[in-house]
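# A closer look at the structure
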Amino acid sequence: MNEEIINIIANVAEVPSKKINLDTNLVKDLELESLDLVTLVSTLEKKFDVYVNDNDIKDLQTVGDIINYVKEHL
C-alpha cells in the first residue's frame, strides 16, 4: 500500500517516486499547492474508498502522514 500511495503522490506532484520518502513534505519538498492537495485527496479517496475530512487535510503534511491516515481510515 505504501508504494501505491507514493506512486499516486508522485503522479500528482509530477516527480519520480524514488525522490519521495515517508518524511517528504508535500508543500515544502514537492511544492504542492492547494489544488494539487485537493486532487491528491480526491484520488486517494477513490482508490482506497476512504473519506478524508476537510479539517484533517491541513494535518497531512508529509507522505508518512498520508499513509498513516489512509491505513487508519480503511
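Below is a short write-up of the structure. (Residues numbered from 1 in each chain as written. Predicted model: local features only at pLDDT ≥ 70, side-chain atom pairs only at ≥ 80, totals over all residues. Heavy atoms only, no water.)

### Points about the packing of helix 1 (residues 2-13) against helix 2 (residues 34-48)
- As a packed pair, helix 1 and helix 2 sit with axes 10 Å apart at the nearest point and diverge in direction by 145°. By crossing handedness, the relation of helix 1 to helix 2 is classed as right-handed. The residues of helix 2 that touch helix 1, namely those facing Glu 4, Ile 5, Ile 8, Ile 9 and Val 12, are Asp 36, Thr 39, Leu 40, Thr 43, Leu 44, Lys 47 and Phe 48.
- Its residues assigned to classes, the contact of helix 1 with helix 2 comprises seven nonpolar, two polar and three charged. (Axes fitted to C-alpha atoms, helices over the stretch in contact; angles between N-to-C directions. Helix = DSSP H or I, 4+ residues; strand = E, 2+ residues; numbered from the N terminus. Left-handed = near helix turned anticlockwise from the far one by under 90°. Contact = heavy atoms within 4.5 Å. Nonpolar A, V, L, I, M, F, W, Y, C, P; charged D, E, K, R; others polar.)

### Digging into helix 1
- Compared with the 16 Å implied by 1.5 Å per residue over 12 residues, the 16 Å span of helix 1 between its first and last C-alpha is a close match.
- In this structure, the buried side of helix 1 is in contact with helix 2 and helix 4 (63-72).
- Taken from the residues just after helix 1, Glu 14 is the one with a positive phi, measuring 60°. (Expected span 1.5 Å × (residues − 1).)

### Focus: empty space enclosed by the protein
- One pass over the structure, following the stated rule, counts two cavities of 30 Å³ or more.
- If you go around the largest cavity, the residues you meet are Leu 26, Leu 37, Leu 40, Val 41, Ile 57, Leu 60 and Ile 66.
- For the lining of the largest cavity, the element with the most residues is helix 2, which contributes three residues.
- For the lining of the largest cavity, a count of residues per class yields seven nonpolar, no polar and no charged. (1 Å grid on protein atoms, 1.4 Å probe; cavity = no way out; pocket = protein on both sides within 12 Å on 5 of 7 lines; lining within 4 Å. Points joined across faces, edges and corners; volume = space filled by probe spheres on them.)

### Details of the environment of Asn 68
- You can see Asn 68 is positioned in helix 4.
- Given a relative accessible area of 44%, Asn 68 falls into the partly exposed group.
- Sequence spacing of Asn 68 and Val 52 is 16 residues, and the spatial spacing of their C-alpha atoms is 12 Å. (Buried < 20%, exposed > 50% of the residue type's maximum accessible area, 1.4 Å probe, protein only.)

### Side note on the nonpolar core
- Among the nonpolar cores identified, the biggest contains 24 residues, and Ile 5, Ile 9, Leu 26, Leu 32, Leu 40 and Ile 66 are the most heavily contacted of them.
- A per-element tally of this core places helix 1 first, with seven residues.
- If near-sequence neighbours (up to four positions away) are discounted, Ile 66 is found in contact with Ile 5, Ile 9, Leu 26, Leu 40, Leu 44 and Leu 60. (Core = buried A, V, L, I, M, F, W, Y, C linked by side-chain atoms within 4.5 Å.)

### Observations concerning the side chain of Thr 24
- Turning to its location among the elements, Thr 24 is positioned in the loop between helix 1 and helix 2.
- Residues within four places of Thr 24 in sequence aside, it is in contact with Lys 19, Asp 29, Leu 30, Gln 61, Thr 62 and Val 63.

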